[in-house]
Amino acid sequence: MNDGNAAARVIQDLRVRVSAAPAGTRLPSVRELTARHRASPVTIAAAIRALTRDGLVETRPGRGTFVAPRPPAAPRTPDLSWQTVVLGARRRGEEELRALLALPPEGAIPLSGGYLDESLQPTAALGAALARAARQPAAWQRGPAEGRADLRAWFARDVGLRADDMVICPGGQAALSSALRALAEPGDTLLVESPTYLGALAAARAAGLHVLPVPTDADGVRPDQLAAAFARTGARLFYCQPLHANPTGATLSAARRAGTLAAVREAGAFLLEDDYARDLTVDGEPPPPLAADDPDGHVIYLRSLTKSAAPGLRIAAVGARGPAGARLRAVRLLDELFVAGPLQQAALEFVTSPAWDRHRRALRASLRARREALLAALQRHPPGLQWTVPRGGLHLWVRLDDACDDVAVASAAAASGVVVFPGRPWFAAEAPGPYLRLTYAAAPPELMDEAVRRLASVVAAS
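The rules behind the values
Residues numbered from 1 in each chain as written. Predicted model: local features only at pLDDT ≥ 70, side-chain atom pairs only at ≥ 80, totals over all residues. Heavy atoms only, no water. Phe/Tyr/Trp six-rings, centres within 6.5 Å; stacked < 30°, edge-to-face > 60°. Helix = DSSP H or I, 4+ residues; strand = E, 2+ residues; numbered from the N terminus. Buried < 20%, exposed > 50% of the residue type's maximum accessible area, 1.4 Å probe, protein only. Lys NZ or Arg CZ within 6 Å of the ring centre and 35° of its normal. Pairing = 2+ DSSP bridges. Contact = heavy atoms within 4.5 Å. Core = buried A, V, L, I, M, F, W, Y, C linked by side-chain atoms within 4.5 Å. Salt bridge = Lys/Arg side-chain N within 4 Å of Asp/Glu carboxyl O. Expected span 1.5 Å × (residues − 1). Arc of directions from axis to C-beta.

Student: How should I be thinking about the packing of aromatic side chains in this particular structure?
Tutor: For any pair of aromatic rings, geometry is given as the distance between the ring centres together with the angle between the planes. According to the stated counting rule, one finds seven aromatic pairs in the structure shown. For the ring pair Trp 397 and Phe 427, a centre distance of 6.1 Å and an interplane angle of 45° mean the geometry is tilted. On the criterion of sequence distance, the pair formed by Trp 397 in strand β13 (residues 395–399) and Phe 427 in the loop between β15 (421–422) and β16 (435–439) is long-range, its members being 30 residues apart. Judged by relative accessible area, which is 10%, Trp 397 ranks as buried. Ring geometry for Phe 427 versus Tyr 435: centroids 5.9 Å apart, planes at 45°, classification tilted. Of the residues examined, Phe 427 reaches a relative accessible area of 5% and is grouped as buried. Among the aromatic residues, those joined into a cluster by ring pairs are Trp 154, Phe 155, Phe 350 and Trp 356. Across the ring face of Phe 66, the terminal group of Arg 60 is positioned such that the distance to the ring centre comes to 4.0 Å.

Student: What is the right way to read the sheet that holds strand β12 (residues 386–387) from this model?
Tutor: Think of a sheet as strands paired side by side through backbone hydrogen bonds, with each pair either parallel or antiparallel. Pairing is antiparallel in the open sheet, where four strands are placed in the order β12-β13-β16-β15. One side of each edge strand has no neighbouring strand; the edge strands of this open sheet are β12 and β15. As paired elements, β15 and β16 share two bridges and run antiparallel to each other. Bridge pairing links Phe 421 to Arg 437 in β16.

Student: Just checking my understanding: could you explain the side chain of Thr 260 for this structure?
Tutor: Topologically, Thr 260 is positioned in helix α11 (residues 254–266). Residues in contact with Thr 260, not counting those within four places in the same chain, are Val 221, Pro 223, Leu 226, Phe 238, Leu 252 and Leu 271.

Student: Would you mind showing me how to read the nonpolar core here?
Tutor: Inside soluble globular proteins, nonpolar side chains tend to come together where they are buried. Counting 44 residues, the largest nonpolar core has Phe 155, Leu 191, Phe 230, Leu 305 and Ile 315 as its most contacted members. When residues of this core are assigned to their parent elements, the largest contribution, five residues, is made by helix α13 (residues 341–351). Those residues in contact with Phe 155 that lie beyond four places of it in its chain are Met 166, Ile 168, Tyr 301, Arg 303, Leu 305, Ile 315, Ala 316 and Ala 317.

Student: For this particular structure, what's the right way to read the pattern of salt bridges?
Tutor: When their charged atoms lie close together, side chains carrying opposite charge are able to pair. This model, assessed by the stated rule, comprises 27 salt bridges. A salt bridge links Arg 132 to Glu 349, with the shortest nitrogen-to-oxygen separation between them at 2.2 Å. On the criterion of sequence distance, the pair formed by Arg 132 in helix α6 (residues 123–134) and Glu 349 in helix α13 is long-range, its members being 217 residues apart. The class for Glu 349 is partly exposed, based on a relative accessible area of 24%. The partner of Asp 357 in a salt bridge is Arg 360, with the nearest N and O atoms 3.1 Å apart. Linking Asp 357 with Arg 360, this pair stays in helix α14 (residues 354–380), spanning three residues, or about one helical turn. Take Asp 357: its relative accessible area is 34%, and that puts it in the partly exposed class. Given a relative accessible area of 33%, Arg 360 falls into the partly exposed group.

Student: I would appreciate a short explanation of the side chain of Arg 332 in the present structure.
Tutor: Note that Arg 332 resides in helix α12 (residues 323–336). Note on Arg 332: relative accessible area 4%, which makes it buried. Excluding anything up to four places from it in sequence, Arg 332 contacts Val 167, Ile 168, Cys 169, Pro 170, Ala 174, Ser 178 and Leu 337.

Student: Sorry, what's going on with unusual backbone geometry here?
Tutor: Across the junction of Ser 194 and Pro 195, the peptide omega takes the value 0°, indicating a cis bond. Its location among the elements puts Pro 195 in the loop between β5 (189–194) and α9 (198–206). With a phi angle near 50°, Arg 38 is a residue other than glycine that sits in the positive phi range. Here Arg 38 is to be found in the loop between α2 (30–37) and α3 (41–53). In this structure Arg 38 comes out as exposed when scored by relative accessible area, which is 69%. The backbone of His 244 shows a phi angle near 50°, a positive value even though the residue is not glycine. Looking at His 244, the relative accessible area reads 1%, which means it is buried.

Student: Sorry, what's going on with helix α16 (residues 448–461) here?
Tutor: Side chains of residues three or four places apart in an α-helix project in the same direction, reflecting 3.6 residues per turn. The end-to-end C-alpha distance of α16 is 20 Å, a good match for the 20 Å that 14 residues give at a rise of 1.5 Å each. Within the sequence span of α16, burial applies to Met 448, Ala 451, Val 452, Leu 455, Ala 456, Val 458 and Val 459. Looking down the long axis of α16, one finds its buried residues gathered within 165° of arc, a one-sided arrangement. Across from the buried face of α16, at angles greater than 90 degrees, the exposed residues are Ala 460 and Ala 461. Of the surrounding elements, those touching the buried residues of α16 are β3 (109–110), α14, α15 (406–415), β14 (418–419) and β16.

Student: Explanation requested: the pairing of strand β2 (residues 64–67) in the structure shown.
Tutor: The side chains of a regular strand alternate, first on one face of the sheet and then on the other. Across four bridges, the pairing between strand β1 (residues 57–60) and β2 is antiparallel. Following the sheet pairing, Val 57 is matched in β2 by Val 67.

And the structure:
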């Protein structure tokens, strides 16, 4: 007998059986295989060992030989390339907005970000208010689509609007996005300050709007240039942050308020007032919102609690007089139906309690200390920057030397352990020069000196 040929026949026979049987199927015994193939038990055992090494069969002492479990098939690599054709070009601003919201790396000192450092947030008061709200069954029920009337009245009280003019939104970005879509159609022109809030640029482009910058300086937007922009473009919407604008920190001066409103009225246009920094003034008292001086419904008013309290307090309101307000409420209904009741109730309890005023007083003192620490560090380690001291807000807008590349500086700074944000993405068109936005709300005062020392070394090497 040729054992080699016999072993090959046994292996082939068992391979056929294994391929046709499910895992766990019992195979013929050694005696049966010996009789079928007229091979010795030694040859049969050798064939079974070979198949065992290949993972095709397994032996169970005292029970026999069985088809082994089959390894899972290698997963097919998904082919998602078709989506590239369907989706088309990527919208500008998405990558920059994602970078703005990125958490700083472990060990880095953050001089970037749009929210208060955790130590500045009133988390104990907010947590207690939310816990009380969550225990009330009524808070979990469906309320008015436009939000609680008492919360809307709180947002409306300082701007001469009625509660019925306002609608509650899950954060300022949602309110901004809804307002742009309610007041403009794809292809329309949106006028913005230059530079302006990066999130507004991203939302406008997502809505299909053509964004046109209007020059600003330390006193805010220039009314003459705003009027010229309205006349040249026929635009009917201007987005503006009159108080402690992000990123520059500029506040629209008293001398320019009337001129700005006049330019909007004469153009028959709307002004979308983003009053994000209403509770972030550091020096003096903030001027009233522009909406308070607008009886004829040109100003759309937006205010959020997120920046001045905590990132998780996603509560804002947007409102306007007349048909514009109805448009806003209709868009919000389509977007969200309504905002979670427990969060609305917790927000209302917080802002109407003594804890709100205590928080604002403590926040003002803390922001002042952090701002002064940053300014002092910039004086001790002069990296060749220029700036105007903001009277409020969260950021310091600094000008680099013309020879610097702000994006490259920001990248090198991150590698050196300090996170800053370049100025270029804040401009709707070409930037007039290199800038950095330094946030003093994200790091404690004792880290400012080291942060600026690292930044100064990067700037000096650029």
